[in-house]
Amino acid sequence: PFVQAQLHKFTLTEGEGAYWWSVIRDKQRTLYKDISNLLTVNTCDLELDDMIHLSGYSHKVLGERAANAMLQVLNGDVNQIDIEKIELVADEFVPFLNNIVVKFKNLKGDLKSNGIPYGFYISKDEKGLEEVKKIIHLKLEGDKVYIKNEIAPEEIAGLYLSYAYGCSYYANIIDSENNSVPAFGPIKIK
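Since this is a predicted model, take the numbers as computed values, not measurements.

Basis of the calculations
Residues numbered from 1 in each chain as written. Predicted model: local features only at pLDDT ≥ 70, side-chain atom pairs only at ≥ 80, totals over all residues. Heavy atoms only, no water. Pairing = 2+ DSSP bridges. Helix = DSSP H or I, 4+ residues; strand = E, 2+ residues; numbered from the N terminus. Axes fitted to C-alpha atoms, helices over the stretch in contact; angles between N-to-C directions. Phe/Tyr/Trp six-rings, centres within 6.5 Å; stacked < 30°, edge-to-face > 60°. Buried < 20%, exposed > 50% of the residue type's maximum accessible area, 1.4 Å probe, protein only. Lys NZ or Arg CZ within 6 Å of the ring centre and 35° of its normal. Contact = heavy atoms within 4.5 Å. Salt bridge = Lys/Arg side-chain N within 4 Å of Asp/Glu carboxyl O.

## Points about the sheet that holds strand S9 (residues 160–163)
Read across the sheet, three strands follow the order S6-S9-S11 without closing on themselves; strand pairing throughout is antiparallel. Strand pairing shows two members of the sheet lacking a second neighbour, strand S6 (120–123) and strand S11 (184–188), which therefore form its edges. Recorded for the sheet is a direction-independent mean angle of 20 degrees between the axes of neighbouring strands. Alignment of S9 against S11, held across three bridges, turns out to be antiparallel. Directly across from tyrosine 160, in S11, lies its bridge partner lysine 188.

## Thoughts on the packing of aromatic side chains
This model, assessed by the stated rule, comprises seven aromatic pairs. Note on tyrosine 118 and tyrosine 170: the rings are 5.9 Å apart at their centroids and 40 degrees apart in plane angle, and the pair reads as tilted. Here tyrosine 170 lies in the loop between S9 and strand S10 (173–175) and tyrosine 118 lies in the loop between strand S5 (111–113) and S6, a separation of 52 residues in the sequence. Judged by relative accessible area, which is 47%, tyrosine 170 ranks as partly exposed. Taken together, a centroid distance of 6.0 Å and an interplanar angle of 65 degrees make the contact between phenylalanine 120 and phenylalanine 184 edge-to-face. One end of the pair, phenylalanine 120, is in strand S6; the other, phenylalanine 184, is in strand S11, and 64 residues separate them in sequence. Of the two residues, phenylalanine 120 and phenylalanine 184, neither departs from the other in class, the shared state being buried. Connected via pairs of aromatic rings, a cluster forms that spans Phe120, Tyr163 and Phe184. One residue, lysine 139, lies across the ring of tyrosine 146, its end atom 5.1 Å from the ring centre.

## Here we look at the environment of phenylalanine 104
With respect to the helices and strands, phenylalanine 104 occurs in strand S4 (residues 98–105). The spacing of phenylalanine 104 and tyrosine 160 is 56 residues in sequence and 18 Å in space, taken between C-alpha atoms. Not counting the four nearest positions on each side in its chain, phenylalanine 104 is found in contact with Asp82, Ile83, Glu84, Leu111, Asp143, Val145, Val181, Pro182 and Phe184.

## So, the pattern of salt bridges
Here the structure, examined in full by the defined rule, presents 12 salt bridges. Measuring nitrogen to oxygen at the nearest pair gives 2.9 Å for the salt bridge that ties arginine 29 to aspartate 26. Placement of the pair is arginine 29 and aspartate 26 together in helix H1 (residues 16–30), with a separation of three residues, close to one helical turn. You can call aspartate 26 buried: its relative accessible area is 17%. Within this structure, Asp26, Arg29 and Asp82 form a network of salt bridges that share partners.

## Observations regarding the sheet that holds strand S3 (residues 82–90)
The strand order across the open sheet formed by four strands is S3-S4-S8-S7, and the pairing between neighbours is antiparallel. On the outer flanks of this sheet lie S3 and strand S7 (135–141), each paired with one strand and no other. Shown here is a sheet whose adjacent strand axes are inclined to one another by a mean of 20 degrees, direction ignored. Pairing analysis gives six bridges linking S7 to strand S8 (residues 144–149), with the strands arranged antiparallel. By the bridge assignment, lysine 139 is partnered in S8 with tyrosine 146.

## With respect to the environment of phenylalanine 184
Relative accessible area serves as the criterion here: at 2%, phenylalanine 184 is assigned to the buried category. Residues phenylalanine 184 and methionine 70 lie 114 residues apart in sequence; the distance between their C-alpha atoms is 22 Å. With near-sequence residues (within four places) excluded, phenylalanine 184 lies in contact with Asp26, Arg29, Ile83, Phe104, Phe120, Leu161, Ser162 and Tyr163.

## What about the pairing of strand S2 (residues 38–41)?
What you see with S2 is no split at all: Leu38 and Thr40 on one side and Leu39 and Val41 on the other are buried throughout. Where strand S1 (residues 2–5) lies against S2, four bridges are found, and the strand directions are parallel. By the bridge assignment, phenylalanine 2 is partnered in S2 with leucine 38.

This is the structure in structure tokens:
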């Protein structure tokens, strides 16, 4: 049995360094598919004490998450929080726009946030270097995040979606038992 913590922030890295930091986190997110009895504890909602180290309070939260994950693994329950699917759904109020909907699996309860939900990032390129700043707001509903945006439907396909992208971000979406959703991406929107 093995439990790892997903990389958190390093506030001094930018540009391509931010991309590679995100790539490593995305690999950590999916590693359970290749290695049995492994779970990754997500950290992207935790606070720092300096430019890279988690605060004392965050270590307490991380310790609780890691202990719960190890109990899961020891009990044969290796169902990690992950993305179930990403789809486009017509907006209920603006019919010529689409919401990007991210559905998560293996949550403990419903999605929630401390404050206004935040943390998604849309980019034009796979490396996330050119941000598309058209997210209006996020709506949490059960196991889904609706990313309301002002991107023309014909432009969405081919863009890239991330959560907690790069090295210096703010992301605050958790489930009912205080487990963070994983940092991911960039993932091509289809």
